Every structure is written in C-alpha cells, then in structure tokens.
Amino acid sequence: MKTLIALILAVAIGVAPTVAQETRSVTVANGVFEIPTAPQRIVSLNDQIVTLPLYELGAPVIGSAGRTAEDGTHFLRGGMDTLGIDYSNTDIAYVGGFNQLDVEAIAALEPDLIIGGLYTDAKVIEQLQSIAPTLVVDNADLGFIGTLRTLADITGQSGRFEARYQRYLDNVERARSFIGNTGDISVATTFMFPAAEELWVYKANLGAITRVIDDLGFAKPKAIADLSEPQMTFSPELIQELDADFVFGFYRQQADATPTTVRAAYEKFSPGWCQALAACRNNQFVLLPGPSFGSSMTSLELALELVESHIAGRGFVPLAE
C-alpha cells in the first residue's frame, strides 16, 4: 500500500503534465465523471471487451488486463486471432487479470483514463479513482453496438467508429440482397466446449455473431425465440428442438478446441445428434472461428462475411415444416 501511495503522489506532484488537459463530462454506469476530451494514456480493465475495440479504433491504450497461459505467459484474449496483437508486439503493458488487477502496475503507467465494466470489483474501482477517472461501462445493458459507441465516445474516436459502423450497415444490406428473404430462413446459434459438459444456446449476447444474425433478420427456432434469457443450457434430449435451416457452432484457434474436437464434443454430449438435426444431415451445421463471436468491429465484419458466404454463397436444403 505504501508503494501505491508513493506512486499516486508521484503522479499527482512530480509527473503531472505542465499543461492541463481539456475535459468534458460523461455519464456511465458508475456515475458522472470529468474526463480528458482527448485521453492520451488509457488503461483497460478487460482485454476482449474493452482493449480490442479501443485498439482497432486507434485509441491510445497503454495498459490492459489480460489472461495467463499455463506456462505463465500473459496474453490478450482474442488479440492475436482477431487483430494480430498481443503484449509481445505492442506497447500495451500487462496490468493483471480482469478479476485480479495489479493496482500498483496501473498507477505506475500514469493513465489519464481507466475503463472497466461491471465485472470489476467495485472496491478496486474506487481505488483506481485515486489514479485517474475510472469508468464502468455496462456492456450487457448497452448491447454490442451501444458498448462500442460508448467506448468510441469516451476516448474521442466517435468519428472513426461511426464511419466504420455505417460501412457495416451498408454491407448488411448488400448481404440481404444476395440472400433474399432472410425472415424465411431459420438460424440457431449454439456453443459447445470441448469437455462436452454443457450445450449453450443463444438468443442474443454472443458477441458479433448474434448481432449479425439479428441485423440480417433471420428467424430463430421456436425453442430459441421463446427463451426467457439471452442464453441458456439445453439438455441432450431437447436437441431436436434446435433444428433450423442452419445451425452455427464455434471453435477456437487452440489445440483443445479445434473443429474436430468440438464436433466430437457434440457427439459425446448427445450421441447421434447429427442424424437428429436436419441441418447437420444436410451439411448445414457450420462451425465458425472464435473471432466471429468477439466484441470488436473487426469481429462484426468477419461474422457478416462468414454468414453471407455460408448462406448466400451456396444452395441449401430448407428445413421441412
């Protein structure tokens, strides 16, 4: 604690910029704050949800929470897969895990803005307020686009975001023109971990991919449309209720979650599942790569291209009534 206090005092007394930054007021989930109009030293408290969207828009991220591999090395979740970045090839410093932040390391970076979410311990957020304005962005409440728009706004990158988002919307209309009446095509979104312990089904909130499915206007199987929550687990005996024209699943670019291991997990979870689903029997069960359910504009654009290519770019057998 003494080290932390010393670092904070050093920032406040000895290292403060000689020219005061212009500030403005913003309202976020944890209150109203005065923040720099053009922040220059941002620390992110979540790699996938905050760091990647900010980095791709050109915001000056100098530190980020991350993950730790089994060999002890630190990495940005989704960083290499989505944007080709990590701690090793950027100037971003590791500041602990998103649920085990290193407050002293954050103070040492002398940030002028810190951004986290509701997943960050409220007591830690209060500690960080002594270093720099620390904003909590409620991504669950804001939704995919609302979160990106908020992150862009508070970091002075709104112009870049809105231009890129408009390009995405234009491409959604292009994809619709290729696909035809999307409301006549049903899509189910599932997620299976290699351990095959649970099958997750998503009505919404699986990052970019469910945003794309909704933007394109696809129908959902009744069992999914009727879910009371954005996502729920399904038991093996209900798997036929998930049948649709297309069923999407996901793999990651890592040894334990390859397309082969994920397909094997579906079979282990529900033996004979592929014969039970018309989508699978007709080769319309599609595994998409992990970045397609990320939280960045890059993930959104990738998910749109993949969905377009798998549905508009081929003939398919419609699900029988």
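None of these values were measured; they are calculated from a predicted model.

Calculation rules
Residues numbered from 1 in each chain as written. Predicted model: local features only at pLDDT ≥ 70, side-chain atom pairs only at ≥ 80, totals over all residues. Heavy atoms only, no water. Buried < 20%, exposed > 50% of the residue type's maximum accessible area, 1.4 Å probe, protein only. Helix = DSSP H or I, 4+ residues; strand = E, 2+ residues; numbered from the N terminus. Arc of directions from axis to C-beta. Contact = heavy atoms within 4.5 Å. Pairing = 2+ DSSP bridges. Axes fitted to C-alpha atoms, helices over the stretch in contact; angles between N-to-C directions. pLDDT = per-residue confidence, 0-100. Salt bridge = Lys/Arg side-chain N within 4 Å of Asp/Glu carboxyl O. Polar contact = N/O pair within 3.5 Å; in protein donor to acceptor, adjacent residues only side chain to side chain. Parallel < 35°, antiparallel > 145°, perpendicular 65-115°, else oblique. Left-handed = near helix turned anticlockwise from the far one by under 90°. Nonpolar A, V, L, I, M, F, W, Y, C, P; charged D, E, K, R; others polar.

## A look at helix H10 (residues 259–269)
Point 1. Every buried residue of H10 is accounted for by Val262, Ala265, Tyr266 and Phe269. One side of H10 carries all its buried residues, which in axial view fall inside an arc of 100 degrees. Residues of H10 that are exposed and point more than 90 degrees away from the buried face comprise Thr260 and Lys268.
Point 2. Contact partners of the buried residues in H10: strand E10 (187–192), strand E11 (199–202), strand E12 (231–234), strand E13 (246–251), helix H11 (273–276) and strand E14 (285–289).

## Some words on the sheet that holds E14
Point 1. The strand order across the open sheet formed by 5 strands is E12-E11-E10-E13-E14, and the pairing between neighbours is mixed. Both edges of this open sheet fall to E12 and E14, since each of them pairs with a single strand only. The mean angle between the axes of side-by-side strands here comes to 35 degrees, regardless of whether they run parallel or antiparallel.
Point 2. Here 4 bridges tie E10 to E11, and the two strands are oriented antiparallel to one another. Within the sheet, the bridge partner assigned to Thr190 lies in E11 and is Val201.
Point 3. Each of E10, E11, E12, E13 and E14 is contacted by H10, which is oriented at about 95 degrees to E10, the strand it contacts most.

## Examining the confidence of the model for the chain
A low pLDDT means the predicted coordinates there should not be read in detail.
Point 1. Confidence in the prediction of the chain, expressed as mean pLDDT, is 92, and 93% of residues score 70 or more.
Point 2. In this model residues 5–18 is a low-confidence stretch, pLDDT under 50, and it forms 11 contacts with partners more than four residues away in sequence or in other chains.

## Re the pattern of salt bridges
Point 1. Under the counting rule described, the total for this entry stands at 12 salt bridges.
Point 2. Linking Arg176 and Glu173 is a salt bridge whose minimum nitrogen-to-oxygen distance equals 3.7 Å. With Arg176 and Glu173 both in helix H7 (residues 158–179), this residue pair falls 3 residues apart, about one helical turn.
Point 3. Between Arg211 and Asp215 there is a salt bridge, with the nearest N and O atoms lying 2.7 Å from each other. Pair noted here: Arg211 and Asp215 are both in helix H8 (residues 207–216), with a separation of 4 residues, about one helical turn.
Point 4. On the accessibility criterion, Arg211 (28% relative accessible area) is partly exposed.
Point 5. Put simply, Glu56, Arg164, Arg167 and Glu301 are held in one network by salt bridges that share partners.

## Quick word on the side chain of Thr182
Point 1. Residue placement: Thr182 occurs in the loop between H7 and E10.
Point 2. Thr182 sits in the buried class, given a relative accessible area of 4%.
Point 3. Engagement of the side chain of Thr182 in a polar contact is seen with the backbone oxygen of Gly217, the distance being 3.5 Å.
Point 4. When sequence neighbours within four positions are dropped, the list of residues in contact with Thr182 reads Arg176, Leu216, Gly217, Phe218 and Ala219.

## Considerations on the packing of H7 against H8
Point 1. Look at H7 against H8: their axes get within 10 Å of each other, and the N-to-C directions meet at 60 degrees. Here H7 lies oblique to H8, going by the angle between them. Seen from above, H7 lies across H8 with right-handed handedness. Between H7 and H8, the residues in contact are Tyr168, Val172, Ala175 and Arg176 and Arg211, Val212, Asp215 and Leu216, respectively.
Point 2. Residue classes in the contact of H7 with H8 are distributed as 5 nonpolar, no polar and 3 charged.

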